[in-house]
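Tertiary structure, described
Residues per chain are reported as follows:
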Amino acid sequence: ILFVQISERPLVHQESLPKLPVPPLQQTCSRYLASLEPLISAEEMTHTRELMDEFLRPGGIGERLQKSLERRARKTENWVRKKHALHYNCTLSLQSKHSLDYRFAAKLIAGVLDFKSMIDSHTLPVEYLGGKPLCMDQYYQVLSSCRIPGPKRDTVVNYAVGKTPPTHITVVHNFQFFVLDVYNSDGSPLTVDQLYVQLEKIWNSSLQSNKEPVGILTSNHRNTWGKAYNNLIKDKTNKESVRAIQKSIFTVCLDAPKPRVSDEMYFNKVAAQMLHGGGSRWNSGNRWFDKTLQFIVGEDGSCGLTYEHAPAEGPPIVFLVDHVVDYMKRSEMVRTPMIPLAMPQKLRFNITPEIKKDIEKAKQNMNIMVNDLDVRVLNFTHYGRKFPRSYKMSPDAFIQMALQLAYYRMYQTCCPTYESASLRMFKLGRTEAIRSTTTESLQFTKAMDDPSKHNSEKAALLEEAIKVHRKHTHMAIHGQGIERHMLGLRMIAIEDLTSLPDIFMDTSFAVASHFNLYTSQVGSKTDCVMCLGPMVPDGYGICYNPMDDHINFAVTAFNSCEETNATRLSQFLEDSLLDMKTLLEQVSKTQ
């Protein structure tokens, strides 16, 4: 999906954006049934159809829920608003150098501040998709924001909107947090030289590595962290330190070196490092996972970021990264003021025995998670998005079919597949799901290795599957998806009815929502890869960035699940992409 940037004042458009529609009930229900077809047996299908007939009875429960949802849509700016229950971090792994360079870290900070100046002056170019302006709200949520634990649910606070917006970032090194003011008294941002000097001061005053990793508490399950958080901020000093982190524009984590690994394992380890820090012995305590944006610069030159998913999706983060990478390539012409700068303030924490116990527990939990998550980076170098385009095929749909084929070859069956689609054509739009597994995709995957089928037939099935996927994508981004609508109807039922309608209690509903493949295309100008964890215990998380002549993939799975294996799926994926290329080339030769 191509976003086009046009320099116009974004807030003018924000007001004219349409509200997210509620799709017609009949349309969603028939598309829901169609999405079940490749996934469930004929008997189950018959049973589900009966329940759906009951749900759609004229004057029945479906119509009532639909009317309630339409009422809600009229009254609110966006009827799909998430409650923050799940804690979800995604990461992006950038290029690697061979040693930590403060100048690199200083330039990175300067680049983010340059991006911030566009946010502050509202001069960020508006993005367009298919000639329509997109909602830019998420761009205004990523800086100076933080997730705050609450007793029942979390909140996301954006400190940029207050009377005195923050002027500092936090830097963490060896588990020690520092407040680094990034603006001079005249309001100008610190230059790269100034930032360099300040980072050096921070580094030299945090060399001891025996400090308590307070930050690791933020990696805990939300309820556990919520209790530990209340414990932590009872103390006045701790509360002030936590507030300083929460209010900062963003965080920079200066990471200690990781254990040495072989060259082919290096990128897997870097991606994992960005996701969770590698465990309590390494850098998992060198984070504040509630912070929306954390840039990570390793002593070995690895670099990336991790972001908390509640305020924004991938595209705004990627746009920020592209901007920073471009900025870092420029040479700086700014004269550095000669004023000596104050020592960045170190944040103090008083560790009571109770907090110490919470930290130990968080370390154990983190290490279990780190050992359980398998991360594989596949740099597919044989071709990129230019190849499917040369056959007039959508690169995204082509890659999705390769994922379907890889999964089918590994398991001899297909599975529910979630692909994230943007709803930013609508006011405050977030995401919708494209259900990539269709009757057409299953016909293609079955035919691909069937010796009785001719290549021309296989290619025709691939083309048809891609066409259907394109149609589903188009419907999803235009607010006509199934997932959010079904979820909305179910939420209204929970609020308004004494018992859930049978269609939501049906096993097929649970089966169809158990996404073994959780996938997302995060396209970027920068040659990087984004990484996310699986959605279900026996599933995979797959992120991909298609460049012109290669494709970066990150595949994750849990080691604790016998059935999943990220390395094997990556291998099947590589083979599927190669076989699909061979198929199209052979067919076009014979035509």
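Higher on the page you've got the structure.
Let us look at the structure shown here. The residue count restarts for each chain, going from 1 along the sequence in the order it is written. A pLDDT threshold of at least 70 governs which residues receive local features in this predicted model, and a stricter bar of 80 or more applies before side-chain atom pairs are shown or counted, although totals over entire chains, interfaces and linings include all residues. Hydrogens and water are ignored here; the side-chain numbers use all heavy atoms of the structure.

Our focus in this paragraph is the packing of aromatic side chains. Think of a pair of aromatic rings as described by two things: how far the centres are apart, and how the planes are tilted against each other in angle. The pairing test for Phe, Tyr and Trp rings, Trp by its six-membered ring, is centres within 6.5 Å, and the orientation test on the planes gives stacked under 30 degrees, edge-to-face over 60, and tilted for anything in between. As enumerated under the stated definition, the model contains 20 aromatic pairs in all. When the ring of Y383 is compared with that of F398, the centres are 6.3 Å apart and the planes differ by 70°; the resulting orientation is edge-to-face. Placement of Y383 in the loop between β13 (373-380) and α12 (386-390) and of F398 in helix α13 (residues 395-411) is noted, with a sequence separation of 15 residues between them. Their ring planes at 35° and their centres at 4.5 Å tell us that Y407 and Y411 sit as a pair that is tilted. A residue pair is termed a helical-turn pair when its members lie 3 or 4 positions apart in one helix, as Y407 and Y411 do in helix α13 at four residues. With relative accessibility at 23%, the residue Y411 sits in the partly exposed group. Members of the aromatic cluster, each reached through a chain of ring pairs, are F380, Y383, F387, Y391 and F398. Only lysine NZ and arginine CZ atoms are considered, and such an atom sits over a ring when it is within 6 Å of the ring centre and within 35 degrees of the ring normal. Directly above the aromatic system of Y196 lies the positively charged group of R103, at a separation of 5.2 Å from the ring centroid. Residue placement shows K581 over the ring face of F387; its charged tip is 5.6 Å from the ring centre. Helix and strand definitions here come from DSSP, where helices need a minimum of 4 consecutive H or I residues and strands a minimum of 2 consecutive E residues; each element is numbered from the N-terminal end. Burial here depends on accessible area, computed with a 1.4 Å probe over protein chains only, as a share of the maximum for the residue type. Under 20% is buried, over 50% is exposed, and the range in between is partly exposed.

The subject of this paragraph is a positive patch on the surface. Residues enter a patch when their relative accessible area is above 30% and they make no salt bridge; the linking distance is 9 Å between like charges and 5 Å between nonpolar side chains (Val, Leu, Ile, Met, Phe, Trp, Tyr). Here, Shrake-Rupley sampling with a 1.4 Å probe gives the accessible areas, and only protein chains in the shown set may cover a residue. Note on definitions: salt bridges are taken to be side-chain nitrogens of Lys or Arg within 4 Å of carboxyl oxygens of Asp or Glu. As used throughout, the charge tally considers Lys and Arg to be positive and Asp and Glu to be negative, leaving His and the chain termini uncounted. Every charge is mapped to an atom, namely NZ of Lys, CZ of Arg, CG of Asp or CD of Glu. There is a patch of like positive charges on the surface, built from K67, R71, R74 and K75. With respect to the element layout, K75 can be found in helix α4 (residues 61-75). Residue K75 is classed as exposed on the basis of its relative accessible area, which comes to 71%.

Think of each axis as a best-fit line through the C-alpha atoms, taken over the contacting stretch in the case of a helix, with angles from 0 to 180 degrees between the N-to-C directions. Where helix α2 (residues 25-36) meets helix α16 (residues 483-496), the closest approach of the two axes is 10 Å, and the angle between their N-to-C directions is 110°. As far as their axial angle goes, α16 and α2 are roughly perpendicular. When the axes of α2 and α16 are compared, the crossing they make is left-handed. Within the contact between the two elements, α2 uses L25, T28 and Y32 and α16 uses H485, M486 and L489. Its residues placed into classes, the contact of α2 with α16 shows four nonpolar, two polar and no charged. When an angle is under 35 degrees it counts as roughly parallel; over 145 it counts as roughly antiparallel; between 65 and 115 it counts as roughly perpendicular; any other value is oblique. Crossings are sorted by hand: turned counterclockwise from the far helix by less than a right angle, the near helix makes the crossing left-handed, and turned clockwise it makes it right-handed. Two residues qualify as a contact provided that any one of their heavy atoms is within 4.5 Å of a heavy atom in the partner residue. Nonpolar residues are Ala, Val, Leu, Ile, Met, Phe, Trp, Tyr, Cys and Pro. Charged residues are Asp, Glu, Lys and Arg, and all others, Gly as well, are polar.

On to the nonpolar core, then. Throughout this description, the term nonpolar core refers to a set of buried Ala, Val, Leu, Ile, Met, Phe, Trp, Tyr and Cys residues connected via side-chain atoms within 4.5 Å. Core analysis: the biggest nonpolar cluster contains 57 residues, and I109, F115, L124, I169, L199, F250 and L293 have the highest contact counts within it. Looking at this core, the elements that each hand over two or more residues are α5 (102-120), β7 (168-173), β8 (176-181), α6 (192-204), β9 (251-255), β10 (293-298), β11 (303-308) and α10 (314-329). Top element by residues in this core is α5. It accounts for twelve residues. Counting residues in each nonpolar core, the second largest holds 38 residues, with Y407, M448, A557 and A566 among its members.

Fair warning: the whole summary comes from geometry, so function is off the table for now.
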